[in-house]
Amino acid sequence: PRPSVVDRTSQFPAQACTNSFIANQITAQRREVSTLILLRHGQSVWNGPSARFTGWCDIPLTVRGRVEAVAAGQLMRSRGIKASSVCVAFSSELQRAHETCELALASMAGHEQETWCSDRIRRDWRLNERHYGAVQGLFKNDTALRNEYGADTVMEWRRSLHSRPPPMEKDHEYYRPPPAPLTESLADCQTRVLGCFDDTIAPALFDEKGLPVPPDDRTIIVVAHSNTIRSLIAYFDEVPEDHVSQIYIPNSVPILYHFERSTRKPVSTKLQSSHGGSHARWMISSENHQIVRDAVSTGGMLTRALFDAMDVTQDRALCRAEIEAGVRELMKDSEHETQSDCVVIGLAKKLARELGDDETITLQEFERRTAVAYEGLQYNKSDFADEEP
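Note that the structure is predicted; figures quoted are calculated from it, not measured.

Draft legend 1. Seen up close, the overall build of the protein chain. Secondary structure assignment for the protein chain yields 13 helices and nine strands. Of all intrachain contacts in the protein chain linking residues separated by at least 6 positions in sequence, the fraction that spans at least 24 positions is 75%. Just so you have it, the protein chain exposes about 16700 Å², and 48% of that area is on carbon and sulfur atoms.

Draft legend 2. Spatial organisation of the pairing of strand 5 (residues 255–260). Counted residue by residue, strand 5 has six buried out of six residues, so it is predominantly covered. Bridge analysis of strand 1 (residues 33–40) against strand 5 gives six bridges, and the strand direction is antiparallel. Considered in strand 5, the bridge of T35 is made with H258. Note that strand 5 and strand 7 (residues 281–282) share two bridges and pair antiparallel. By the bridge assignment for strand 7, L256 is matched with R281. Pairing of strand 5 with strand 6 (residues 265–266), which is carried by two bridges, proceeds in the antiparallel orientation. Bridged to E260 within strand 6 is K265. Where strand 5 folds back onto strand 6 in an antiparallel hairpin, the turn is made up of four residues, including R264, whose phi is positive at roughly 60 degrees.

Draft legend 3. Just the packing of helix 3 (residues 63–78) against helix 4 (residues 95–109), in detail. At their nearest, the axes of helix 3 and helix 4 sit 7 Å apart, and the two run at 40 degrees to each other. By the angle between their directions, the pair helix 3 and helix 4 is classed as oblique. Along this stretch, helix 3 crosses helix 4, giving a crossing that reads as right-handed. Two secondary-structure elements touch here, helix 3 through R66, A69, V70, G73, Q74, M76 and R77 and helix 4 through E99, T100, L103, A104, S107, M108 and A109.

Draft legend 4. View of the side chain of T100. As for its position among the elements, T100 is in helix 4. Discounting residues that sit within four places of it in the chain, T100 has contacts with L39, R40, H41, G42, L61, A69 and V223.

Draft legend 5. A look at the nonpolar core. Residues L36 and L38 are the most contacted members of the largest nonpolar core, which totals 39 residues. Looking at this core, the elements that each hand over two or more residues are strand 1, strand 2 (86–91), helix 7 (186–206), strand 4 (219–224), helix 8 (226–236) and strand 5. Of all the elements, helix 7 adds the most residues to this core, at twelve residues. If sequence neighbours within four positions are ignored, L36 has contacts with F197, I201, L205, I220, V222, F236, I255, L256, Y257 and F259. Counting residues in each nonpolar core, the second largest holds 21 residues, with I37, I81, V86 and A89 among its members.

Draft legend 6. Molecular detail of the environment of R230. Following the sequence through the fold, R230 ends up in helix 8. On the accessibility criterion, R230 (12% relative accessible area) is buried. Taking the C-alpha atoms as reference, R230 lies 7.5 Å from V244; in sequence the two are 14 residues apart. Once residues lying within four places of it in the same chain are set aside, the contact partners of R230 are L186, V244, S245, I247 and I249.

Cut-offs used in this document
- Residues numbered from 1 in each chain as written.
- Predicted model: local features only at pLDDT ≥ 70, side-chain atom pairs only at ≥ 80, totals over all residues.
- Heavy atoms only, no water.
- Helix = DSSP H or I, 4+ residues; strand = E, 2+ residues; numbered from the N terminus.
- Contact = heavy atoms within 4.5 Å.
- Areas by Shrake-Rupley, 256 points an atom, 1.4 Å probe, with all protein chains shown as cover.
- Buried < 20%, exposed > 50% of the residue type's maximum accessible area, 1.4 Å probe, protein only.
- Pairing = 2+ DSSP bridges.
- Axes fitted to C-alpha atoms, helices over the stretch in contact; angles between N-to-C directions.
- Parallel < 35°, antiparallel > 145°, perpendicular 65-115°, else oblique.
- Left-handed = near helix turned anticlockwise from the far one by under 90°.
- Core = buried A, V, L, I, M, F, W, Y, C linked by side-chain atoms within 4.5 Å.

Nothing here speaks to function; it is geometry throughout.
See the structure below:
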């Protein structure tokens, strides 16, 4: 929902956003905010063009995956998040997530390796990837699989919330005893992941005593898998069931959520998007721009999110003043975000600079210009460094 102030000042969108910004900054000063960083593991041997249903198969990272994990750690360190500020890191029991976690934390520590310890990593099987049952280990484009079950059925297993592949038999090559399930839907996966969040992650984020940083300034990292992270994002952002499959989780791109301790709810502005809206902020560098190409393509999550968040007059057109005001509104959480290094802000600022004073653009034109801006957007301090709104 858009800020209620817009209803009273719809003819003065820039002033409306400025007033909202000031009010929220005052409120933010009274908040106790905890930061949760979600990170999908780096590329594994079974990712890529010939991807398989990996699930609970304990597949290692590729060399590229290790480089991605180190780069993610360097990116977080460069944005002010050091290993010493991470009280606890959670990972699944699968090696691709655990190694990513270790590499990222070591990279965040930089030359201060004494500031982190692998003892801070807590592994939990409930953060393992979704179990794909009998098809686990098969190629996703396997012709025999599609011929046996039908292409639509295979796609339904992958994209629907409640559909399950056939269960795994005990003589299956990749069978694992309980607590491993025999098969799962995405909903089944989400149930166990949210159980993990309620039982272990949330207490560490909001309540646990004896950690080096108090809860009101605490940072927790969760390193897991595409479907487990998708499950958490769907929960945090209250994503409708039919939009859950549209949540995009790239490898090794840190995704930040800021929570108010008293309410245990996200405090960052919710950007409307193709999957229903998100409080998440992605940390972007020149190295991982390529990974978010899908999200800024026509109809993608970030382009529609930008437009809807900034269209305060709801006339389905944007002027330069609205975009500039929208940037200030997006940056209103800057005290709790890490130097505003979110790709949406970088793209919005670039568009505002290129738009004429009297020019307005529609969603279609906005998406086109965003795609063009993305192609030419390179990392520079004016777009991503710490700056006042």
